[in-house]
Amino acid sequence: MDEIKSKLFYEQKNGYDLIDTAERVAVEDYCREYMEYLNISRTEREAVINAIDKAREYGFVEFRAGMELRPGMKVYYCNRGKALILAVIGKHSLADGAVIAGAHVDAPRIDLKQNPMYETDELCYFRTHYYGGIKKYQWVTIPLELHGVVVLKDGTVVDVCIGREPGEPRFVITDLLPHMAQEQAKKTMAEGITGEGLQILLGSVPYAGDGKDRVKLAVMSILNDMYGITEEDFLSAELTAVPAFDVCEVGLDRSLIGGYGHDDRVCAYAELKAIFDVKDPERTCICILADKEEIGSDGVTGMQSAAFDCFMEDLCASQGVELRRCYENSFCLSADVTAAFDPLYSDAYEKSNDAKVNYGMGICKFTGARGKSGTSDASAEVVAYLRRLFDKAGVVWQLTEMGKVDLGGGGTIAKYMANRNIDTIDAGVPVLSMHAPFEVVSKFDCYMTYKGVLAAYNDD
Ligand code: MN
Ligand code: MN
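Residues numbered from 1 in each chain as written. Chains lettered and ligands numbered in written order. Predicted model: local features only at pLDDT ≥ 70, side-chain atom pairs only at ≥ 80, totals over all residues. Heavy atoms only, no water.

A. Main features of the coordination of the manganese ion (ligand 1). Note on the manganese ion (ligand 1): its protein donors are H104 (NE2), D263 (OD), D336 (OD) and D336 (OD). The metal-donor distances range over 2.1 to 2.6 Å. Here the manganese ion (ligand 2) and the manganese ion (ligand 1) are spaced 3.3 Å from one another, each receiving a donor from D263. Of this pair, H104 sits in strand 4 (residues 98-104) while D336 sits in the loop between strand 14 (331-335) and strand 15 (338-339); the two residues are 232 residues apart in sequence, bridging distant segments of the chain. Relative accessible area serves as the criterion here: at 1%, H104 is assigned to the buried category. On the basis of relative accessible area, D336 is assigned to the buried category, the value being 6%. (Donors = N, O, S within 2.8 Å, 3.2 Å for Na, K, Ca; no water. Helix = DSSP H or I, 4+ residues; strand = E, 2+ residues; numbered from the N terminus. Buried < 20%, exposed > 50% of the residue type's maximum accessible area, 1.4 Å probe, protein only.)

Here it is in structure tokens:
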């Protein structure tokens, strides 16, 4: 009976039972580099800059429309400093399609409002407007750093980064002490901390002299000394507070990685490493680091922007190929994270169809919500292709969805790629505590996601 069972039943195995010592070493080597990248990439702008720096080391040059593209050439296109597309030109014509992997590099965070600074009761604060889906109570009483740009009226871009380097000051949003929180404790978790309540503490020492707003004046003059900015310059700034935790190993066995922004820089890095490692591919490989996914992929740097089509059209034009021919023959891995099964919250999951830590790259046939609303729902043919591809390349993977039928849900860039007439499927790393200031992933799953993207790039 065991024999016939093993022949007829589908059974998944823990990934660590499937790899040898050499591959365990490869997992560690890969994750060490990823942790370094994540630690210095706290915003989409930083993730893009750091990716370009690495790409240049690997021989990528900036793309210019009309340049001659030979097989093996490596180019990149940076969209307004917030999104990036890299390409390695394949031996085949783009009429045979491209192999695309698309991740996003924006992450939930606390943005400053346009008129952010004020003083009350001799304390100075920033007002904020959060970005992306967050559980607000998770963002109070944790150390925060300030990142972003202030663009002066004359167009000069001033880079701001406070709190990343050791010894620099950090920021915090305070919470009410439990002794006095009887009324707050009766509220729901969604109402206990409000959007307007997320205000960042900036300082407490008044400017010498008389008059009001002396603490605000003292804080503003520190910023003026550091960056030469005035309060009016906040009008044209993009400043954001992000968690100040360093990326680190988690667990006594060091098998997990904790950090801010795994969603979706963990897949962005997998794609980057894969496109750096691909050698003379048959079909042109495309790596996308998109912006604005967390707020619906709208906007000029989001995946709904025509920037991607313009870039691809330019590539196609260099070979005299029509863009629509290229798209209809292309394949896209929408590389985004998925929810990892968490035994502490098992009620929300559907165990036999949710992703498990250390079971490898998570493939989502569909995302969306309720009756599969708002998703591209990849075809069975596409899933069968991945079964073949990953088997051949030794990629450990699992087919997943996001929680119970009418409970879970989510969106990625997949549908925007599929709407372009490109066969697309979601694939990425399962995450614990997704969208929290400190998310957790498994090293094994990170590595397998890289291996999966590389297998797609290398396929003929
Ligand atoms: Mn994501
Ligand atoms: Mn997300």
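B. Examining the pattern of salt bridges more closely. A complete count under the given rule lists 28 salt bridges for this structure. For E23, the salt bridge is made with K451, and the minimal N-O distance between the two is 2.6 Å. Residue E23 is found in helix 2 (residues 21-39), and its partner K451 is found in helix 12 (residues 443-458); the two are separated by 428 residues along the sequence. For the pair E23 and K451, a shared accessibility class is recorded, and that class is buried. With its nearest N and O atoms 2.7 Å apart, the salt bridge here joins D111 to R109. Of the two residues examined, D111 and R109, each falls in the buried class. Each of E28, E249, R254 and K443 takes part in a single network of salt bridges with overlapping partners. (Salt bridge = Lys/Arg side-chain N within 4 Å of Asp/Glu carboxyl O.)

C. Quick peek at the coordination of the manganese ion (ligand 2). Around the manganese ion (ligand 2), the protein supplies D263 (OD), E294 (OE), E294 (OE) and H435 (NE2) as donor atoms, at distances of 2.1 to 2.6 Å. Ordering the donors of the manganese ion (ligand 2) by residue number gives the pattern D-x30-E-x140-H. On the basis of relative accessibility, which here comes to 3%, the residue D263 falls in the buried class. We classify H435 as buried; its relative accessible area is 18%.

D. Up close: the sheet that holds strand 15. Reading across the sheet, the five strands line up as 11-12-22-21-15 and stay open at both edges, with mixed pairing between neighbours. Because the sheet does not close on itself, it has two edges, and the strands there are strand 11 (248-250) and strand 15. By the bridge criterion, two bridges tie strand 15 to strand 21 (residues 430-432) in an arrangement that is parallel. What sits directly across from A339, in strand 21, is V431. Relative to the sheet, helix 12 contacts strand 11, strand 12 (256-259), strand 21 and strand 22 (439-442), its axis offset from that of strand 22 by approximately 70 degrees. (Pairing = 2+ DSSP bridges. Contact = heavy atoms within 4.5 Å. Axes fitted to C-alpha atoms, helices over the stretch in contact; angles between N-to-C directions.)

E. Local environment of the nonpolar core. With 69 residues, the main nonpolar core has L86, I275 and Y457 as its most contacted residues. Counting residues per element, this core draws most heavily on helix 12, which supplies ten residues. Excluding residues within four positions of it along the chain, I275 makes contact with F60, L86, A87, V88, C285, I286, C287 and Y457. Membership of the second largest hydrophobic core comes to 34 residues, among which are C124, L144, F171 and Y227. (Core = buried A, V, L, I, M, F, W, Y, C linked by side-chain atoms within 4.5 Å.)

F. Spatial organisation of the sheet that holds strand 1 (residues 61-62). Overall, mixed pairing links the nine strands, which are arranged 1-2-3-13-4-14-20-16-18 in an open sheet. Taken across any chain shown, the strands that pair with only one partner, and hence form the sheet edges, are strand 1 and strand 18 (397-400). Relative to strand 20 (residues 423-428), strand 14 runs parallel, the two sharing five bridges. Considered in strand 20, the bridge of C332 is made with T424.

That's the geometry; what it means functionally is another story.
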